[in-house]
Amino acid sequence: MLLRDLNRRNDDLAPMVETIVRVAPDVLLLTDFDYDYGHAALHELRAWTAEEGLEYPHLFSLQSNAGRPTGVDVDRDGRLGRGRDAQGWGRFSGQGGMAVLSRFPFGAATDLSQVLWKDMGGALIVTDDPAYEIQRLSSDGHWIVPVMLPDAEVSVMAFHATTPVFDGPDDRNGRRNHDEIAIWSQVLAGTYGPAPDRFVILGDANLDPSKGEGIRSAIHDLLARPDLSDPLQGVPTVDWSHLGLGQMRVSYAVPSISLQVQAAGTETIRPETGHHGLVWVDVAVP
């Protein structure tokens, strides 16, 4: 259906494309973008932006954990193969994946999406979790994608964490959301190999530092790191007033201090629907 709507230049998608073309980012991360094996939908989106004057010669996407079957009754409802039984919520494999488009080529990426939740240091998964032995930490993915600029390399650290709600008193989603954010602090500490020298953490953490539900210690710890610069502190990225939640900051573009922040902001795409805005940061390599 995504490919169909892109091919038809669907009016529902047009505001998103218009916003992308107007902001014209050199590197663009998309979340909630369905994965298909041949990247047909991604190629169609690239063709659409090219028609509007924005070329992205380089594409990157891996199959996400969303919709990937576990064979386990994860939500303990007595049924198998439902959306909540997947490695990450999804009715089909690849639903709501991620993709990166770039004006510049990519280097060799690191994919942390196969890290088991239980194997992360300090993980909040409980030992009696039905999927304890096989549950991956990433509900979607955690990627470190080097972007090769003419004179430097800057890595995109991309992710899309699960929502901390829509679960039961065990707070499984809340605990997982916390750990999906916390792994970035461990990456930067060298737990998963040498950390990039220059990077931007990009993605949807599905968590506001001060509003709504969720375990906030991981996002506070991450944003307080001395090797990061947070140019959009307190700036909302979505308006969920129609849900009674108001404006919240859930999406992030947080560069390393080794990059010079020139400007940063958010762009509303469709305010009447409460869609996430486009979050952007303009950085320079010293």
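For the structure itself, consult the block above.
Cut-off values and rules
Residues numbered from 1 in each chain as written. Predicted model: local features only at pLDDT ≥ 70, side-chain atom pairs only at ≥ 80, totals over all residues. Heavy atoms only, no water. Helix = DSSP H or I, 4+ residues; strand = E, 2+ residues; numbered from the N terminus. Contact = heavy atoms within 4.5 Å. Areas by Shrake-Rupley, 256 points an atom, 1.4 Å probe, with all protein chains shown as cover. Lys, Arg positive; Asp, Glu negative; His and termini not counted. Charge placed at Lys NZ, Arg CZ, Asp CG, Glu CD. Pairing = 2+ DSSP bridges. Axes fitted to C-alpha atoms, helices over the stretch in contact; angles between N-to-C directions. Buried < 20%, exposed > 50% of the residue type's maximum accessible area, 1.4 Å probe, protein only. Right-handed = clockwise from strand over helix to strand, strands pointing away. Core = buried A, V, L, I, M, F, W, Y, C linked by side-chain atoms within 4.5 Å. Polar contact = N/O pair within 3.5 Å; in protein donor to acceptor, adjacent residues only side chain to side chain. Salt bridge = Lys/Arg side-chain N within 4 Å of Asp/Glu carboxyl O. Patch = residues over 30% accessible without salt bridge, like charges linked within 9 Å, V, L, I, M, F, W, Y side chains within 5 Å.

A. Representation of the overall build of the protein within the structure. A tally of regular secondary structure across the protein gives 5 helices and 12 strands. Viewed in the frame of its principal axes, the protein has a C-alpha envelope of about 50 × 45 × 40 Å. For the protein, restricting intrachain contacts to residue pairs at least 6 apart in sequence, the fraction spanning at least 24 positions comes to 70%. In the structure as shown, the protein presents an accessible area of about 13,200 Å², 50% of it carried by carbon and sulfur atoms. Side chains of the protein give 23 positive and 40 negative charges; the mean places of these two sets differ by 3 Å.

B. Structural view of the sheet that holds strand S3 (residues 98–102). If you trace the 3 strands from one edge of the open sheet to the other, you get S1-S3-S2, paired in antiparallel fashion. The open sheet has two edge strands, strand S1 (27–31) and strand S2 (58–60), and neither has a second partner. The sheet shows a mean angle of 15° between the axes of neighbouring strands, direction not considered. Relative to S3, S2 is paired through 3 bridges, and the arrangement is antiparallel. Counted as the bridge partner of His58 is Ser102 from S3. Each of S1, S2 and S3 touches helix H3 (residues 40–51); the most contacted strand, S2, lies at about 145° to it.

C. Quick peek at the pairing of strand S7 (residues 199–204). With 6 of its 6 residues buried, S7 lies for the most part within the structure. Strand direction decides the pairing type here: strand S6 (residues 153–160) and S7, joined by 6 bridges, are parallel. Paired with Met157 across the bridge in S7 is Ile201. A crossover links S6 with its parallel partner S7, the connecting element being helix H4 (residues 172–188), and its sense is right-handed. Where S7 meets strand S10 (residues 251–255), 5 bridges bridge the pair, whose relative direction is antiparallel. Across the sheet, the residue bridging to Asp204 is Ser251, located in S10.

D. Representation of the nonpolar core. Of all hydrophobic cores here, the largest spans 27 residues; its most connected members are Met157, Ile181, Trp184 and Ile201. Those elements that place two or more of their residues in this core are S6, H4, S7, helix H5 (217–223) and S10. In terms of residue count, the dominant contributor to this core is H4 (6 residues). If near-sequence neighbours (up to four positions away) are discounted, Met157 is found in contact with Trp143, Ile144, Trp184, Val187, Leu188, Pro196, Phe199, Val200, Ile201 and Leu202. One finds Val145, Leu202, Leu232 and Val281 within the second-largest nonpolar core, a separate group that totals 19 residues.

E. Molecular detail of the environment of His160. Along the chain, the position of His160 falls in strand S6. For His160, a relative accessible area of 8% translates into the label buried. Placed 64 residues apart in sequence, His160 and Gly96 show a C-alpha to C-alpha distance of 9.5 Å. When near neighbours in sequence (up to four residues on either side) are disregarded, His160 contacts Thr31, Asp32, Met98, Ser139, Asp140, Gly141, Glu180, Asp204 and Asn206. At a separation of 3.4 Å, a polar atom in the side chain of His160 contacts the side chain of Asp140. A polar contact of 3.3 Å, which involves the side chain of His160, links it to the side chain of Asp204.

F. Inspection of the pattern of salt bridges at higher detail. A full pass over the atoms with the stated rule returns 12 salt bridges. Glu267 is paired through a salt bridge with Arg22; the nearest N and O atoms lie 2.9 Å apart. Residue Glu267 is located in strand S11 (residues 260–267), and its partner Arg22 is located in helix H2 (residues 14–23); the two are separated by 245 residues in the primary sequence. Because the salt bridges share partners, they merge into one network encompassing Arg9, Glu44 and Glu51.

G. Fine view of the sheet that holds strand S5 (residues 142–148). Read across the sheet, 5 strands follow the order S4-S5-S6-S7-S10 without closing on themselves; strand pairing throughout is mixed. Lying at the two open borders of the sheet, with one neighbouring strand each, are strand S4 (110–111) and S10. H4 contacts S5, S6 and S7 of the sheet and is inclined by roughly 155° relative to S6.

H. Structural view of a negative patch on the surface. A contiguous patch of negative charge on the surface is contributed by Asp128, Asp167, Asp170 and Glu213. We classify Asp128 as exposed; its relative accessible area is 54%.

Nothing here speaks to function; it is all geometry.
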